[in-house]
Amino acid sequence: MKKILLLMLLVFSLVITGCSFFEKEKPQPPKKISFTIYRAAADGSEKLLAEKFTMTDNGKSLPENALLALVGAKPQSTKYEDVIPAGTRVLSFSITPEGTALANFSKEIVKSGQGSYNEVMMTGAIVNTLTEFPEVRQVQILVEGKKIITLGGHLDVEDPLKRDESLLQK
Amino acid sequence: MRKLFLLVLMLCCLAFSAVANAAQVTDVKWGVDKDNMLRFVVDLTDAAPYKVEVNDKMLTVVVDAELQDKAGKNSKTRSNIASMMKVEPDGNKTLIKIPLSRALKADEYKSFTLRKDPATKRPARIVLDITAEKRVAPASVASKGSTPAGKSNATVSSKPATSVASGSAVVGNKPVNNSLKKPPGVGSSPATVSASVPSVSLSAGGGTIESEKDKKKAEKERKKKEKEAQKKAKKAKKNKGKVDANKVGYLTSGGIEGKIITIDPGHGGSDPGAVGDRGTLEKNITLEISKRLKKNLEEMGAIVYMTRETDVEVAGPGASDVDELQARINVAEKYKSDLFVSVHINSSVNKKVGGFSTYYYPKTKFDAKIAKSIQDNLTKNFGRDNLGLREANFYVIKRCTMPATLLELCFISNKKEEKLMRGNWFQTKTANLIAEGIEDYFK
């Protein structure tokens, strides 16, 4: 048992030093990436507004960064509204070869006792943000790794969701 | 090894029992409903014993549960019986002190508990209702459809709410039944109307009648219409309950008479739906509007079923969100309905949002048609832009076989609209407009 632990520790330290060693060899200026995320309009017009988001490249894919920004970052202006329940995290994200984004959220995203407006705007923001990228055709929402039928008792999100252009501000 | 196992087991048991005993008060809310009843709700992590003490002008609720730090809020509300409450810890107990403007009689307050409901994620609750200042509806007619419509002062249901609720989920602040007894278009009791006329434009039909002659003529016409409506409603009721075993599919044309319509008042029972700042519960408003809608449709000759007619869960207490949604569809399927209409009130964290939205799921070409027909009628008559016709995959309208629509009738989170929807004027008017929209659809 102890031996395994030691071995693991060794491998771990190797990985860490290996990484930093590699980085030192090729110093890169921080690369900026930018993308569009969709947020609910704060004026109550039941529309999604595009918000431009710029950040340092962290090696993750654009769709994943967009989802992380939508869920984790505060809106940059008061004209946007954050409709994702507080405490929600993205647990994992991947895109199947068929173009279905698997967006896996923590259980905080499940919240009853709200009107359907929030559910519509929230799923709309997630799906429209992700389908902005050509590699994503549709979005499967998962909670703690599993398909869920409804997030708030109104919408049926068991099957993959398609982009809803009618929610976008024209 | 075995000893160790036993020890761990014992520790586990100990820990478990300790947790089970430590119920905590997580929140204390209070508010006044539209009938001026004052309600306190104590949220608990687990059921806990409690007692209510009345000592002259001080009402104290002693809860055998610890007060969580963040729950300790003293707040004010607009009630003429009590203007403030104090929540304070007392050792392992929590005291809720409510100074009263006058002493209470035993039948002027009641308390009951609500169980924890994992399905809707609602905590265990203690509810205390003070009905001392509760208004009783002036002259509401018994809700049975058999009462002749013309005699609006027939039976007065002025029973004060003194009965003690027996721990069931039926919550006492359901609006007193003041269901509409006059056909659409005829001004209902002016007292309730004037109280809540908002800044939106009134539809035709409420036009002023000037001369005495016209008045008489209108009265005659009204009576004639009422009679016709009654006849139709009677006929429709006679056909109710007879499910045609040979019926396949649904009907979409040929007039509304004889069509089978299932109305689904959103939420109910332990699930209040969205809650407004003034304590308005979505489930109560959806039921009131649905009842009025049912009556209107029956007068047009439709056969109408409701997923619920009282304040209950359709799938029974403790059912999951999904079972509850499915139970509503099952009602429509059971009676081979031609149309399914789900009535909801919207809510948003954004308090500015307001208005009507009508949703459909395009599983047949008729889903959009019925949604448009209702939405057009609503927006035209409420003088709003037609922005609210939307496609969305709501469970209840997606998974049923017949054409369906889900109506979100204004926002409970919007101060103005919350006030509006509590009133008879709004509830009656929306029900009338929805019924007209459905009538148009079947033309």
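Description of the structure in this document. Keep in mind that what you see is a predicted model, and the values were worked out from it rather than measured.

## Observations regarding the overall build of chain B
Move 1: Scanning chain B for helices and strands turns up nine helices and 16 strands.
Move 2: Relative to its full complement of 443 residues, chain B shows a buried share of 50%.
Move 3: Here the analysis covers contacts within chain B between residues at least 6 apart in sequence; of these, 73% occur between residues at least 24 apart.
Move 4: Per element, the accessible surface of chain B, about 21800 Å² overall, is 55% carbon and sulfur.

## Some thoughts on the overall build of chain A
Move 1: When you go through chain A residue by residue, the secondary structure sums to three helices and eight strands.
Move 2: Put simply, chain A runs from its N terminus to its C terminus through helices and strands in the order α-β-β-α-β-β-β-α-β-β-β.
Move 3: Residues classed as buried in chain A amount to 48% of the 170 residues present.
Move 4: For chain A, the share of sequence-separated contacts (at least 6 apart) that also reach a separation of at least 24 residues comes to 61%.
Move 5: Surface summary for chain A: the accessible area is close to 9300 Å², and the carbon and sulfur share equals 61%.

## Overview of the packing of aromatic side chains
Move 1: Following the criterion strictly, the structure yields ten aromatic pairs over all chains and no others.
Move 2: When the ring of A:Y117 is compared with that of B:F411, the centres are 5.5 Å apart and the planes differ by 80°; the resulting orientation is edge-to-face. You can see A:Y117 sitting in helix 3 (residues 116-130) and its partner B:F411 sitting in strand 16 (residues 404-411), one on each of two chains. Accessibility classification places A:Y117 together with B:F411 in one group, the buried group.
Move 3: With a centroid separation of 4.8 Å and 65° between ring planes, the pair formed by B:Y359 and B:F394 is classed as edge-to-face. Taken together, the positions of B:Y359 in strand 14 (residues 356-360) and B:F394 in the loop between strand 15 (389-391) and helix 7 (395-398) put the pair 35 residues apart, joining distant regions of the chain.

## Considerations on the sheet that holds strand 2 (residues 48-56) of chain A
Residues and elements named next belong to chain A.
Move 1: An order of 2-1-3 is seen for the three strands of this open sheet, with the pairing classed as antiparallel. Edge positions in the sheet fall to strand 2 and strand 3 (80-81), since each has one partner strand and no second.
Move 2: This element, helix 2 (residues 62-72), spans strand 1 (32-41) and strand 2 of the sheet and lies at about 45° to strand 1.
Move 3: Packing against the sheet, helix 3 makes contact with strand 1 and strand 2, and its axis sits at approximately 160° to strand 1.

## A word on the interface of chain A and chain B
Move 1: In this complex, chain A contributes 27 residues to the contact, which on the side of chain B involves 28 residues.
Move 2: On the chain A side of the interface with chain B, the three residues burying the most area are A:E46, A:H154 and A:D156, jointly 25% of the side's total.
Move 3: Across the chain A-chain B interface, the total number found is four salt bridges.
Move 4: Taking the shortest distance from any N to any O, the salt bridge between B:R399 and A:D156 comes out at 2.5 Å.

## With respect to the nonpolar core
Move 1: Judged by nonpolar contacts, the single largest core of 51 residues is most densely connected at A:L67, A:F105, A:I126, A:L130, A:V139 and A:L151.
Move 2: Ignoring anything within four residues of it in the chain, the contact list for A:L67 reads A:V90, A:F93, A:A103, A:F105, A:I126 and A:L130.

## Quick word on the sheet that holds strand 5 (residues 66-67) of chain B
Move 1: Pairing in this open sheet of five strands is mixed, and the strands run 5-1-2-10-9 (chain B) from one edge to the other. Edge positions in the sheet fall to strand 5 and strand 9 (109-114) of chain B, since each has one partner strand and no second.

## Digging into the pattern of salt bridges
Side chains bearing opposite charge may pair, as long as their charged atoms lie close to each other.
Move 1: This structure, assessed with the given rule, holds 24 salt bridges over all chains.
Move 2: Notably, a salt bridge pairs B:E288 with B:R292, separated by 2.8 Å at the nearest N-O pair. Placement of the pair is B:E288 and B:R292 together in helix 4 (residues 282-299), with a separation of four residues, close to one helical turn. Note on accessibility: B:E288 and B:R292 belong to one class, buried.
Move 3: As a salt-bridge pair, B:D376 and B:K372 come within 2.8 Å of each other at their nearest N and O atoms. In this pair, B:D376 and B:K372 are both assigned in helix 6 (residues 365-382), four residues apart and thus about one turn of the helix distant.
Move 4: For B:D376, a relative accessible area of 25% corresponds to the partly exposed category.
Move 5: Here the residues in one salt-bridge network are A:D156, A:E158, A:D159, B:K398 and B:R399, joined through shared partners.

## Focus on the side chain of B:E418
Move 1: As for its placement among the helices and strands, B:E418 is situated in helix 8 (residues 415-422).
Move 2: If we ignore the near neighbours within four places in the chain, the residues touching B:E418 are B:G276, B:D277, B:R278, B:G279, B:T280, B:F411 and B:I412.

## Focus on the pairing of strand 16 of chain B
Residue and element names in this part refer to chain B.
Move 1: Within strand 16, eight of the eight residues are buried, which leaves it mostly tucked inside the rest of the structure.
Move 2: Here six bridges tie strand 13 (residues 339-346) to strand 16, and the two strands are oriented parallel to one another. Looking at strand 16, one finds that F340 is bridged to A404.
Move 3: Here strand 14 pairs with strand 16 via four bridges, running antiparallel. Residue pairing in the sheet places S357 in a bridge with E408 of strand 16.

## Structural notes on the environment of B:V331
Residues and elements named next belong to chain B.
Move 1: Mapped onto the fold, V331 is located in helix 5 (residues 321-334).
Move 2: A residue is classified by how much of its surface remains accessible, and V331, at 15% relative accessible area, is buried.
Move 3: Residues V331 and D264, spaced 67 residues apart in sequence, show a C-alpha to C-alpha distance of 9.1 Å.
Move 4: Look past the residues within four positions of V331 in its chain and what remains in contact with it is T262, M306, T307 and V314.

## Digging into unusual backbone geometry
Move 1: Of note, A:E144 is a non-glycine position whose phi angle comes to about 55°, a positive value.
Move 2: Here A:E144 shows up in the loop between strand 6 (138-143) and strand 7 (146-147).
Move 3: A:E144 sits in the partly exposed class, given a relative accessible area of 43%.
Move 4: For B:C410, which is not a glycine, the phi torsion comes out positive at approximately 65°.
Move 5: Mapped onto the elements of the fold, B:C410 is located in strand 16.
Move 6: Of the residues examined, B:C410 reaches a relative accessible area of 4% and is grouped as buried.

## Details of the pairing of strand 10 (residues 124-130) of chain B
Residue and element names in this part refer to chain B.
Move 1: Across the seven residues that make up strand 10, a large majority, seven, are buried.
Move 2: Judged by which residues are buried, strand 10 turns out to be covered on both faces: A124, I126, L128 and I130 on one side and R125, V127 and D129 on the other are all buried.
Move 3: By the bridge criterion, seven bridges tie strand 2 (residues 38-44) to strand 10 in an arrangement that is antiparallel. Bridge pairing links V41 to V127 in strand 10.
Move 4: Where strand 9 lies against strand 10, six bridges are found, and the strand directions are antiparallel. In the sheet register, L114 faces strand 10, and the bridge partner there is R125.

Calculation criteria
- Residues numbered from 1 in each chain as written.
- Chains lettered and ligands numbered in written order.
- Predicted model: local features only at pLDDT ≥ 70, side-chain atom pairs only at ≥ 80, totals over all residues.
- Heavy atoms only, no water.
- Helix = DSSP H or I, 4+ residues; strand = E, 2+ residues; numbered from the N terminus.
- Buried < 20%, exposed > 50% of the residue type's maximum accessible area, 1.4 Å probe, protein only.
- Contact = heavy atoms within 4.5 Å.
- Areas by Shrake-Rupley, 256 points an atom, 1.4 Å probe, with all protein chains shown as cover.
- Phe/Tyr/Trp six-rings, centres within 6.5 Å; stacked < 30°, edge-to-face > 60°.
- Pairing = 2+ DSSP bridges.
- Axes fitted to C-alpha atoms, helices over the stretch in contact; angles between N-to-C directions.
- Buried area = accessible area lost by both parts, 1.4 Å probe.
- Salt bridge = Lys/Arg side-chain N within 4 Å of Asp/Glu carboxyl O.
- Core = buried A, V, L, I, M, F, W, Y, C linked by side-chain atoms within 4.5 Å.

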